Amino acid sequence: WMPKQRYTIMRKYMEKVGTLGHHMMKRTCTNQVNIDYSSEEDMVNKLRLMLNLEAIATAIFSNSPFDRGKISKYKSLRSHFWHHTDPDRTGLLPFVFEKGFNFETYTDYALNVPMYFIKRDHKYIDMTDYTFKDFLEGKCTDINQEVSLKDWEDHLTTLFPQARLKRYLEIRSMDACNWDLICSQPAFWIGILYDDEILDKVKEITEDWTEEDRQYLNQRVPEEGLKTVFKERKLIAFAQDFFELSKKGLEKRNRFSKNGEFDESIHMKDLENNLEKGCSPADCLINKFNTTWGKSVMPIYKELIF
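Right, let's walk through the structure included here. (Residues numbered from 1 in each chain as written. Predicted model: local features only at pLDDT ≥ 70, side-chain atom pairs only at ≥ 80, totals over all residues. Heavy atoms only, no water.)

**Section: the packing of helix α3 (residues 40–60) against helix α11 (residues 211–224)**
As a packed pair, α3 and α11 sit with axes 9 Å apart at the nearest point and diverge in direction by 20°. The angle between α3 and α11 falls in the class roughly parallel. Crossing hand, α3 versus α11: left-handed. In this structure, α3 contributes Leu51, Asn52, Glu54, Ala55, Thr58 and Ala59 to the contact, and α11 contributes Arg214, Leu217, Asn218 and Val221. Of the residues that constitute the contact of α3 with α11, the class distribution is five nonpolar, three polar and two charged. (Axes fitted to C-alpha atoms, helices over the stretch in contact; angles between N-to-C directions. Helix = DSSP H or I, 4+ residues; strand = E, 2+ residues; numbered from the N terminus. Parallel < 35°, antiparallel > 145°, perpendicular 65-115°, else oblique. Left-handed = near helix turned anticlockwise from the far one by under 90°. Contact = heavy atoms within 4.5 Å. Nonpolar A, V, L, I, M, F, W, Y, C, P; charged D, E, K, R; others polar.)

Next up, the structure:
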């Protein structure tokens, strides 16, 4: 464990609410992407799209197929761990798709999630017996502390849904990837979310997706990855379609490198190569494990270091 005071509280609490929270903390890593929004309406549109596509992005960038030196049954073992970490603060936030969803709705959700801690005089105080609403309403009889805005800001950082709302939107579902794919992760989302025409096209594709559809993908993708069958197609077909839309969105942004040679779609070149082959990073790792790596994960530390 990293020597952080907050982890002492989290470590103890995670044993009470899930079975794999410690594995998530010790054995996983993510690349998260932060997305701006310009208004409440813009936030709603983008957050809904991010939650509709989170499992597809998880499949595209799945990169954790190994468990203790061997191939596991998961393309994203990290995602599997998150399914068994803490149901109160993780998942797909079904209420985001309800009519009238807004900042206040998300605030109500956050108020009713159990707290981890507050910080006073550089020390962390365990608050896991209370929700933030309890704290705000003075129901924490054994905690003689006034509520501050910093307490609320800290609390928001302890919510871990697949996409999180703060002063920006944060997509949290993707595995950390290798050097050649790190920039493709924000590029993929920016191409989809930062152009109105592309965003509207993605909305058209996903507008009839139900909560059952999202849950199905969220549960199946960690194990089956791009081979997941969804609406009579393999997920790789959806991934390729959304990639093409994202690429078009990046090209339309017309943002070029200093030498004027490349637009932002250059960041997705390696991703494009993977999708043309129907592979995620996890698929590539599994192939190397079974061939050139001689059933060993040790070559990772030389071939993929950066």
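**Focus on the packing of helix α12 (residues 235–253) against helix α13 (residues 269–276)**
Relative orientation of the contacting elements α12 and α13 amounts to 150°, with a least axis distance of 10 Å. One finds that α12 runs roughly antiparallel with respect to α13. Where α12 crosses over α13, the two elements pack in a sense that is left-handed. Each of Ile236, Ala239, Gln240, Phe243 and Lys247 in α12 lies in contact with α13, whose residues at this interface are Leu271, Glu272 and Leu275. Split into classes, the residues belonging to the contact of α12 with α13 amount to five nonpolar, one polar and two charged.

**Remarks on unusual backbone geometry**
Its identity is not glycine, yet Asn254 carries a phi of approximately 60°, on the positive side. Secondary-structure assignment places Asn254 in the loop between α12 and α13. Although it is not a glycine, Lys295 sits at a positive phi angle of roughly 65°. Looking at the element boundaries, Lys295 is found in the loop between α14 (281–290) and α15 (300–303).

**Overview of the environment of Pro114**
Tracing the backbone shows Pro114 in the loop between α5 (103–111) and β5 (117–120). The sequence separation of Pro114 and Ser148 amounts to 34 residues, and the corresponding C-alpha distance is 17 Å. Not counting residues within four places of it along the chain, the set of residues in contact with Pro114 comprises Tyr13, Asp88, Arg89, Thr128, Tyr130, Thr131 and His155.

**Some words on the packing of aromatic side chains**
The relation between two aromatic rings is expressed through the spacing of the ring centres and the mutual angle of the planes. Taken as a whole, this structure holds 20 aromatic pairs when the rule is applied. Ring centres 6.3 Å apart and planes at 75° place the aromatic pair Phe61 and Phe188 in the edge-to-face group. Residue Phe61 is located in the loop between α3 and β2 (66–67), and its partner Phe188 is located in helix α9 (residues 184–193); the two are separated by 127 residues in the primary sequence. Like Phe61, the residue Phe188 is buried in the burial classification. Ring centres of Phe117 and Tyr124 lie 4.8 Å apart, and the angle between their planes is 85°; on these two criteria the pair is classed as edge-to-face. A connected cluster of aromatic rings, assembled from ring pairs, spans Trp209, Tyr216, Phe230, Phe238 and Phe242. For Arg233, the ring lying beneath its charged end belongs to Phe238, and the centroid distance is 4.5 Å. (Phe/Tyr/Trp six-rings, centres within 6.5 Å; stacked < 30°, edge-to-face > 60°. Buried < 20%, exposed > 50% of the residue type's maximum accessible area, 1.4 Å probe, protein only. Lys NZ or Arg CZ within 6 Å of the ring centre and 35° of its normal.)

**Considerations on the nonpolar core**
Ile56, Ile60, Phe188, Trp189 and Phe242 are the most contacted members of the largest nonpolar core, which has 68 residues in total. The element contributing the most residues to this core is α3, with 12 residues. Every residue in contact with Ile56, bar those within four places of it in the chain, is listed here: Trp209, Leu235, Phe238, Ala239 and Phe242. Among the nonpolar cores identified, the runner-up in size contains 14 residues, and Tyr7, Ile9, Leu20 and Met24 belong to it. (Core = buried A, V, L, I, M, F, W, Y, C linked by side-chain atoms within 4.5 Å.)

**Digging into the side chain of Thr58**
By the secondary structure assignment, Thr58 is in helix α3. Exposure remark for Thr58: the relative accessible area of 4% places this residue in the buried category. Apart from the residues lying within four places of it in its own chain, the contact partners of Thr58 are Ser76, Ser79, Ser173 and Val221.

**As for a negative patch on the surface**
Taken together, the side chains of Asp196, Asp200, Glu204, Glu207 and Asp208 make up a negatively charged region of the molecular surface. For Asp200, the location among the structural elements is in helix α10 (residues 196–206). Overall, Asp200 belongs to the partly exposed group, its relative accessible area being 39%. (Patch = residues over 30% accessible without salt bridge, like charges linked within 9 Å, V, L, I, M, F, W, Y side chains within 5 Å. Areas by Shrake-Rupley, 256 points an atom, 1.4 Å probe, with all protein chains shown as cover. Salt bridge = Lys/Arg side-chain N within 4 Å of Asp/Glu carboxyl O. Lys, Arg positive; Asp, Glu negative; His and termini not counted. Charge placed at Lys NZ, Arg CZ, Asp CG, Glu CD.)

**Some remarks on the pattern of salt bridges**
Between side chains of opposite charge, pairing is possible as soon as their charged atoms come close. Applying the stated criterion across every chain yields a total of 23 salt bridges. One salt bridge connects Arg89 with Asp86, and the closest N-O pair in it is separated by 2.7 Å. The pair formed by Arg89 and Asp86 is uniform in burial state, with each residue classed as buried. Here Asp151 ties to Arg120 by a salt bridge, and the two come within 2.8 Å at their closest N and O atoms. Taken as a pair, Asp151 in helix α7 (residues 149–156) and Arg120 in strand β5 lie far apart in primary sequence, 31 residues in all. Of the two residues, Asp151 and Arg120, both sit in the buried class. Where salt bridges share partners, they join Asp195, Glu197, Lys201, Lys248 and Lys252 into one cluster.

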